[in-house]
Amino acid sequence: TMINLIVACSRNRVIGKDGRLPWKIREDWEYFLEKTKQGILVMGRRCYDEMGKHLLDREVIALSRDPNTTFEHARKAGSLPEALELARANGGEIWICGGQGIYEEAMPLADRLYLTLIDAEYEGDVSFPAWEDQFPNELSRREITIDGVSLVFLVLER
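The paragraphs below set out a description of the structure included in this document. (Residues numbered from 1 in each chain as written. Predicted model: local features only at pLDDT ≥ 70, side-chain atom pairs only at ≥ 80, totals over all residues. Heavy atoms only, no water.)

Some thoughts on unusual backbone geometry
Next up, step 1: In the segment running from Gly98 into Gly99, the intervening peptide bond is cis, with an omega of 0°.
Next up, step 2: Along the chain, Gly99 turns up in the loop between strand E6 (94-96) and helix H4 (100-106).
Next up, step 3: One non-glycine residue, Arg13, lies in the positive phi region at around 70°.
Next up, step 4: You can see Arg13 is positioned in the loop between strand E1 (3-10) and strand E2 (14-16).
Next up, step 5: Notably, Asp18 is not glycine yet its phi reads approximately 50°, a positive angle.
Next up, step 6: Tracing the backbone through its elements, the reader meets Asp18 in the loop between E2 and helix H1 (26-36).
Next up, step 7: A relative accessible area of 59% places Asp18 in the exposed class. (Helix = DSSP H or I, 4+ residues; strand = E, 2+ residues; numbered from the N terminus. Buried < 20%, exposed > 50% of the residue type's maximum accessible area, 1.4 Å probe, protein only.)

In structure tokens:
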């Protein structure tokens, strides 16, 4: 089963602020929805809280160590290995959607990285870990400019 990481990150590696994306870029959100639509999404609780309501048409596994936490529209896993086991049993590609701790844990296990680089600096409290050594091979690259900001959609593999 293919394991993919999917993330948008700024020039200074920021991926989040106060539990949300620090930017509103429709093209990146549409890209995310398009890429992940056939797969199984694995994400942490804060990511689920932010975007779960937009993902009702797909299979989501949300992570929480809190035994009392439940997710209305997602299956729950207590750890990343448990989430991957549930996802594999389902078949289909697995998409790791964050946050930072889950990206760090999943990076050595992933086959591909779908990385949107946003060529701007943002303030934030969550960053994407260094990926360059783990995913040196570029499979594809597409660049667009939105409101004067350049976005590079990269697909990288080991």
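Points about the pairing of strand E3 (residues 40-44)
Next up, step 1: The element E3 is extensively covered by neighbouring structure, given that five of its five residues are classed as buried.
Next up, step 2: Of the two faces of E3, the one holding Ile40, Val42 and Gly44 and the one holding Leu41 and Met43 are both buried throughout.
Next up, step 3: Sheet topology places E3 next to strand E4 (residues 59-63); five bridges connect them, and they run parallel. Its bridge partner lying in E4, Leu41 is registered against Val60.
Next up, step 4: Traced from E3 through helix H2 (residues 45-51) to E4, the parallel crossover comes out right-handed.
Next up, step 5: Bridge count between E3 and E6: three bridges; the pairing is parallel. (Pairing = 2+ DSSP bridges. Right-handed = clockwise from strand over helix to strand, strands pointing away.)

Remarks on the packing of aromatic side chains
Next up, step 1: Within the structure shown, the criterion is met by seven aromatic pairs.
Next up, step 2: The interplanar angle of 40° and the centroid separation of 5.9 Å between the aromatic rings of Phe128 and Trp131 together place this pair among those described as tilted. Each member of the pair Phe128 and Trp131 is classed as buried.
Next up, step 3: By way of ring pairs, the aromatic residues Tyr103, Phe128 and Trp131 are connected into one cluster.
Next up, step 4: When the ring centre of Phe153 is taken as origin, the NZ or CZ atom of Arg142, which lies over that ring, is 4.5 Å away. (Phe/Tyr/Trp six-rings, centres within 6.5 Å; stacked < 30°, edge-to-face > 60°. Lys NZ or Arg CZ within 6 Å of the ring centre and 35° of its normal.)

Some remarks on the pairing of strand E7 (residues 112-118)
Both faces of the sheet carry side chains from a regular strand, because those side chains alternate between them.
Next up, step 1: With five of its seven residues buried, E7 lies for the most part within the structure.
Next up, step 2: Pairing of E1 with E7, which is carried by seven bridges, proceeds in the parallel orientation. Its bridge partner lying in E7, Ala8 is registered against Thr116.
Next up, step 3: Of the strand pairs in this sheet, E7 and strand E10 (residues 149-157) are connected by seven bridges, and their pairing is antiparallel. The residue bridging Arg112 from the neighbouring strand is Glu157, located in E10.

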